[in-house]
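Structure assessment
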Amino acid sequence: MPGSGKSTVGRQLADKLNMTVVDLDEKIEEQAQSSIKEIFTHHSETHFRELEQSALKVVAQIDESLIISTGGGAPCFFDNMDVIKSSGVSVFVDTPLEELIVRLNAYEKGKRPKFSSHEGLREQLEKLYTDRLPFYQQADLRWVSTKETVDQLIVRLKELKKLN
Ligand SMILES: Nc1ncnc2c1ncn2[C@@H]1O[C@H](COP(=O)(O)OP(=O)(O)OP(=O)(O)O)[C@@H](O)[C@H]1O
Ligand SMILES: O=C(O)C1=C[C@@H](O)[C@@H](O)[C@H](O)C1
Ligand SMILES: [Mg+2]
C-alpha cells in the first residue's frame, strides 16, 4: 500500500544485510527523467503502469542478489506478481489503515499522485486495500510494520530461505 514503508524497510534491509537496494519508483523516475506525479499528470496512470511493468521485468532479471522495493500498485497489474514471485522471496509490507492515514497526511504531501487530495482518504485506502489484498497475500511473507522490527523480519527471511 502507498506509504506502508516499503522504500524505508528496503533501505534498512539493504543496510543491515549489506546488499544493494533498488527502488522501482526511483528507477522509473530516473529512466523517464520525470517524477511519478508528472508521469501521471502529463501522461496517464496507464502509461505509468507500462513503465512500471518494464522496469520490474528489467530489475527482476538482474543476476545479483538485490532488495527490490516496488511501488504500492506494482504487484496488482499485468503479471507483475508472477514476475515478483519467480524472482525471489517476496514480502507484503502491511501497515494498519490508521497508521497509513497518519503517514500519508503527515509526510510528503502531494508526492503520491493517487492521494494528492486527502479528502475521503480513509474510504480510498479501504477500497484500495480490499481490491489489492488478493495480490499482496500471494507474497511469501507478511510483515506488519507496526508490530515487528526489521531484525525480526530478517530472522523470518533467513528461516524461509533455509527451508527452500
Ligand atoms: N516504521 C515506520 N514508522 C514511522 N514512519 C515510517 C515508517 N516507515 C516509513 N515511515 C514513513 O512513512 C512515509 C512513507 O514511507 P515509504 O516512502 O517508505 O513508503 P512506501 O511504501 O515506499 O510508499 P510508496 O508506495 O509511495 O512508495 C515516509 O515519510 C517514511 O518516513
Ligand atoms: O499505490 C500506488 O498505486 C502507487 C504507489 C507509489 O509507490 C507509486 O508507484 C505510485 O504513486 C502509485
Ligand atoms: Mg516507495
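Model, not experiment: these values are computed from the prediction.

Time to look at the UniProt feature "binding site: ATP" (unreviewed entry) in the protein. With numbering matched to this structure, UniProt assigns "binding site: ATP" (unreviewed entry) to Gly3, Ser4, Gly5, Lys6, Ser7, Thr8 and Arg112. Lining residues of the largest pocket, restricted to the annotated ones just named, are Lys6. Mapped onto the secondary structure, Gly5 falls in the segment before α1 (6–17). When its relative accessible area of 17% is taken as the criterion, Gly5 is described as buried.

Glancing now at the packing of aromatic side chains. In the structure shown here, the tally under the stated rule is 2 aromatic pairs. Measuring from centroid to centroid gives 5.1 Å for Phe40 and Phe48, while their planes differ by 40 degrees, and the two rings are tilted. Judged by its relative accessible area of 17%, Phe40 falls in the buried class. Since its relative accessible area comes to 3%, Phe48 is described here as buried.

Further remarks concern the layout of surface pockets. Within this model, the largest pocket holds a volume of roughly 980 Å³. Taken together, 37 residues make up the lining of the largest pocket; nearest its centre are Leu66, Ile67, Ile68, Val89 and Ser90. When contributions to the lining of the largest pocket are tallied by element, the ones reaching two or more residues are α1, α4 (45–60), β2 (66–69), α5 (80–87), β3 (91–94) and α8 (150–163). Taken together, the residues that form the lining of the largest pocket break down as 24 nonpolar, 9 polar and 4 charged.

Cut-off values and rules
- Residues numbered from 1 in each chain as written.
- Chains lettered and ligands numbered in written order.
- Predicted model: local features only at pLDDT ≥ 70, side-chain atom pairs only at ≥ 80, totals over all residues.
- Heavy atoms only, no water.
- UniProt positions renumbered as here; feature names shortened; annotations may be inferred.
- 1 Å grid on protein atoms, 1.4 Å probe; cavity = no way out; pocket = protein on both sides within 12 Å on 5 of 7 lines; lining within 4 Å.
- Helix = DSSP H or I, 4+ residues; strand = E, 2+ residues; numbered from the N terminus.
- Buried < 20%, exposed > 50% of the residue type's maximum accessible area, 1.4 Å probe, protein only.
- Phe/Tyr/Trp six-rings, centres within 6.5 Å; stacked < 30°, edge-to-face > 60°.
- Points joined across faces, edges and corners; volume = space filled by probe spheres on them.
- Nonpolar A, V, L, I, M, F, W, Y, C, P; charged D, E, K, R; others polar.

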